[in-house]
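Chain by chain, the residues run as shown.
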Amino acid sequence: MTRIPAGATPFRDPGAESGADPAPRATHPGSDPTRDLAEPAPRLELDSPAVRDNPYELYARWRSTEPVRRGALGEWYLTRYDDVLAVLADPAGFSNNLAGTWLYEEQMSRLRVDGTEPVIADVSMLRADPPDHTRLRRLASKAFTPRAVARLRSRVEQIVDDLLAPVEAGAFELISQFAFPLPVTVIAELLGAPVADRALLRRWSRGLVDNPGLVIEDEEVLLRSRQALREFDAYVRDLIADRRRQPRDDLVSALVAAEDGGDQLDEDELISTCILLLIAGHETTVNLIGNGILALLRHPEQLRRLRDDPSLTESAVEEMLRYDSPVQGLARKAIRDVELRGVRVRRNDVVFPMVAAANRDPDAFPDPDVFDIGRPDNRHLSFGKGIHFCLGAPLARLEGQVAVPALLRRFARMELSTEHPQWRPNWFLRGLEELPLTV
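Predicted, not measured: the structure shown is a model, and the values here were computed from it.

### Let's talk about the packing of helix 11 (residues 181–191) against helix 19 (residues 393–410)
1) Next: Contact pair helix 11 / helix 19: the axes reach a minimum separation of 11 Å and the direction vectors enclose 135°. With respect to helix 19, the axis of helix 11 lies oblique. When you trace helix 11 past helix 19, the crossing you get is right-handed. Touching Leu-182, Pro-183 and Val-186 of helix 11 are Leu-395, Glu-399 and Ala-403, all from helix 19.

Laid out in structure tokens, this is it:
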């Protein structure tokens, strides 16, 4: 097994070796540099229905034959564990801020409303680099420390019980009846948003994330995304304004009052942070629960094993995260020309470290395609790595560790009602539209 020593990287920097400054890179380094940005983008392999059902065969093929693969638009996909880890751990070489790339410019040109840049895209912690990222994350992180999250356990358990109590024997749709309302209720309560608004939150979240491809091509989907941005922005502005007038014991009030060395979040930073937390605070957990229960039901021996030994719950949740990751890939921008496995990646190229592919790399995980709830030393990358490691990981883990055993205790019988569940269209966030069960 090949391992990169601490501080090392598999990338070679040609500019650094020669002493030359890296040449500027055009903002649209696609396979056809003359292609107009308004033209439809070539279809990605990842968008095909067959790959959506099971992307892992495609990842395995890329990993073995072309681990640094160039996509139809000039983007790069990394599928080996060591390469993915190296990029995620190197914020100086690979930026979270995609501004200046063809992907950012094309997507923003489509999402701009009345010529205005969406706030969430402009100043979001998700797309910030140090020092801005350091300040934004420090101000938002206090609510998601392991100790703070542990205090939420009893409330999470109560929500789980309330959701499962009215379910009777027969048909049970896991996503809409359980996997979605659990985390969205938790994050709404944490932030101070009315739980009664969770249907609105889901509609806005889906309008922003359920977009296939790298850029939005479908006019109807584009209009829905723009509308979601407008409504979500207005909703959060009102929420923030209310907390300025009447602070409460919630995260929005804490963010409004938060100060770090005399520096507070400005209005745009507050809006983008709240929207990010509302979306990221439930999307990953919805997919964790849905994908994880599907994996258990498709591996009945592992389901029996977990029923017989609940002490495996934490390990089982980590294996669910590895085996069918809620987040399939992340996006980075190359800061300078680099070389990886003999392939030149140029400055401002968009790079996708595919964490789901890394999680199935046989050089990192023995028998990676085997679902093993007792897997030891499970160093999956589903929450990322480095300074951008998922802020809400402790909360997602807690919700999974409470939800999964509660389902097994509540239902002595739990079976799939379909052999072909439908997956949501966004390959970046892998999750089910619905998971009909018989209980």
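So much for the structure itself; the text now carries on.
### Overview of empty space enclosed by the protein
1) Next: In this structure the tally under the stated criterion is three cavities of 30 Å³ or more.
2) Next: Of the pockets and cavities examined, the second largest cavity occupies roughly 100 Å³.
3) Next: Surrounding the second largest cavity, 13 residues form its lining, Arg-52, Arg-424, Asn-426, Trp-427 and Arg-430 being those nearest its centre.

### Observations regarding the pattern of salt bridges
1) Next: Throughout the structure, instances matching the rule amount to 27 salt bridges.
2) Next: The residue Arg-155 makes a salt bridge to Glu-189 at a minimum N-O spacing of 2.6 Å. Taken as a pair, Arg-155 in helix 9 (residues 153–164) and Glu-189 in helix 11 lie far apart in primary sequence, 34 residues in all.
3) Next: According to the relative accessible area criterion, Glu-189 is partly exposed, its value standing at 32%.
4) Next: Here Arg-244 makes a salt bridge to Glu-267, at a shortest N to O gap of 2.8 Å. Residue Arg-244 is located in helix 13 (residues 219–245), and its partner Glu-267 is located in helix 15 (residues 267–298); the two are separated by 23 residues in the primary sequence.
5) Next: Relative accessible area serves as the criterion here: at 44%, Arg-244 is assigned to the partly exposed category.
6) Next: The partly exposed category is assigned to Glu-267, whose relative accessible area is 30%.
7) Next: Taken together, the shared-partner salt bridges connect Arg-206, Asp-210, Glu-283, Arg-424 and Glu-433 into one network.

### Comments concerning the layout of surface pockets
1) Next: Taken as a whole, the largest pocket spans an internal volume of roughly 360 Å³.
2) Next: Along its surface, the largest pocket is lined by 22 residues, and Asp-53, Asn-54, Tyr-56, Arg-298 and Arg-430 are the ones closest to its centre.
3) Next: Looking at the lining of the largest pocket, the elements that each hand over two or more residues are helix 3 (56–65) and helix 15.
4) Next: In terms of residue class, the lining of the largest pocket is made up of nine nonpolar, four polar and nine charged.

### Observations regarding the nonpolar core
1) Next: Phe-172, Phe-178 and Leu-182 are the most contacted members of the largest nonpolar core, which has 91 residues in total.
2) Next: With 16 residues, the top contributor of residues to this core is helix 15.
3) Next: Core analysis: the next-biggest nonpolar cluster, separate from the first, contains 28 residues, Leu-73, Trp-102, Val-350 and Phe-352 among them.

### Details of the packing of aromatic side chains
1) Next: Scanning the model with the defined rule gives 13 aromatic pairs in all.
2) Next: Arranged with centres 5.1 Å apart and planes meeting at 35°, the rings of Trp-204 and Phe-232 form a pair that is tilted. Note that Trp-204 is positioned in helix 12 (residues 198–209) and Phe-232 in helix 13, a separation of 28 residues in sequence. With respect to class, Trp-204 is no different from Phe-232; both count as buried.

### Notes on helix 3
1) Next: Every buried residue of helix 3 is accounted for by Tyr-56, Leu-58, Tyr-59, Trp-62 and Arg-63. When helix 3 is viewed along its axis, its buried side chains cluster within an angular range of 155° and face the same direction. Along helix 3, exposed side chains directed more than 90 degrees from the buried face belong to Glu-57, Ser-64 and Thr-65.
2) Next: Contact partners of the buried residues in helix 3: helix 2 (49–53), strand 2 (68–70), strand 3 (76–78), helix 17 (313–323) and helix 18 (355–358).

### Considerations on the sheet that holds strand 11 (residues 436–438)
1) Next: In spatial order, the strands read 5-11-10; together these three strands make up an open sheet with antiparallel pairing. Taken across any chain shown, the strands that pair with only one partner, and hence form the sheet edges, are strand 5 (171–173) and strand 10 (415–416).
2) Next: The pairing of strand 5 with strand 11 spans three bridges and is classified as antiparallel. Across the sheet, Phe-172 pairs through a bridge with Leu-437, a residue of strand 11.

### Re the environment of Ala-196
1) Next: Checked against the element boundaries, Ala-196 lands in the loop between helix 11 and helix 12.
2) Next: Taking the relative accessible area as the measure of exposure, Ala-196 reaches 73% and is therefore exposed.
3) Next: Through-space distance from the C-alpha of Ala-196 to that of Thr-185 is 8.9 Å; in sequence the pair is eleven residues apart.

### Some details on the sheet that holds strand 4 (residues 94–95)
1) Next: Spatial strand order, 2-3-9-6-4: five strands in an open sheet with mixed pairing. Each edge of the sheet is formed by a strand with only one pairing partner; in this case those strands are strand 2 and strand 4.
2) Next: Where strand 6 (residues 332–334) lies against strand 9 (residues 350–353), two bridges are found, and the strand directions are antiparallel. When the sheet's bridge partners are listed, Lys-333 is paired in strand 9 with Val-350.

### A word on the environment of Arg-80
1) Next: Along the polypeptide, Arg-80 turns up in the loop between strand 3 and helix 4 (81–88).
2) Next: By relative accessible area, Arg-80 is classed as partly exposed at 24%.
3) Next: Look past the residues within four positions of Arg-80 in its chain and what remains in contact with it is Arg-63, Ser-64, Pro-67, Arg-341, Ala-358 and Asp-361.

Analysis parameters
- Residues numbered from 1 in each chain as written.
- Predicted model: local features only at pLDDT ≥ 70, side-chain atom pairs only at ≥ 80, totals over all residues.
- Heavy atoms only, no water.
- Axes fitted to C-alpha atoms, helices over the stretch in contact; angles between N-to-C directions.
- Helix = DSSP H or I, 4+ residues; strand = E, 2+ residues; numbered from the N terminus.
- Parallel < 35°, antiparallel > 145°, perpendicular 65-115°, else oblique.
- Left-handed = near helix turned anticlockwise from the far one by under 90°.
- Contact = heavy atoms within 4.5 Å.
- 1 Å grid on protein atoms, 1.4 Å probe; cavity = no way out; pocket = protein on both sides within 12 Å on 5 of 7 lines; lining within 4 Å.
- Points joined across faces, edges and corners; volume = space filled by probe spheres on them.
- Salt bridge = Lys/Arg side-chain N within 4 Å of Asp/Glu carboxyl O.
- Buried < 20%, exposed > 50% of the residue type's maximum accessible area, 1.4 Å probe, protein only.
- Nonpolar A, V, L, I, M, F, W, Y, C, P; charged D, E, K, R; others polar.
- Core = buried A, V, L, I, M, F, W, Y, C linked by side-chain atoms within 4.5 Å.
- Phe/Tyr/Trp six-rings, centres within 6.5 Å; stacked < 30°, edge-to-face > 60°.
- Arc of directions from axis to C-beta.
- Pairing = 2+ DSSP bridges.

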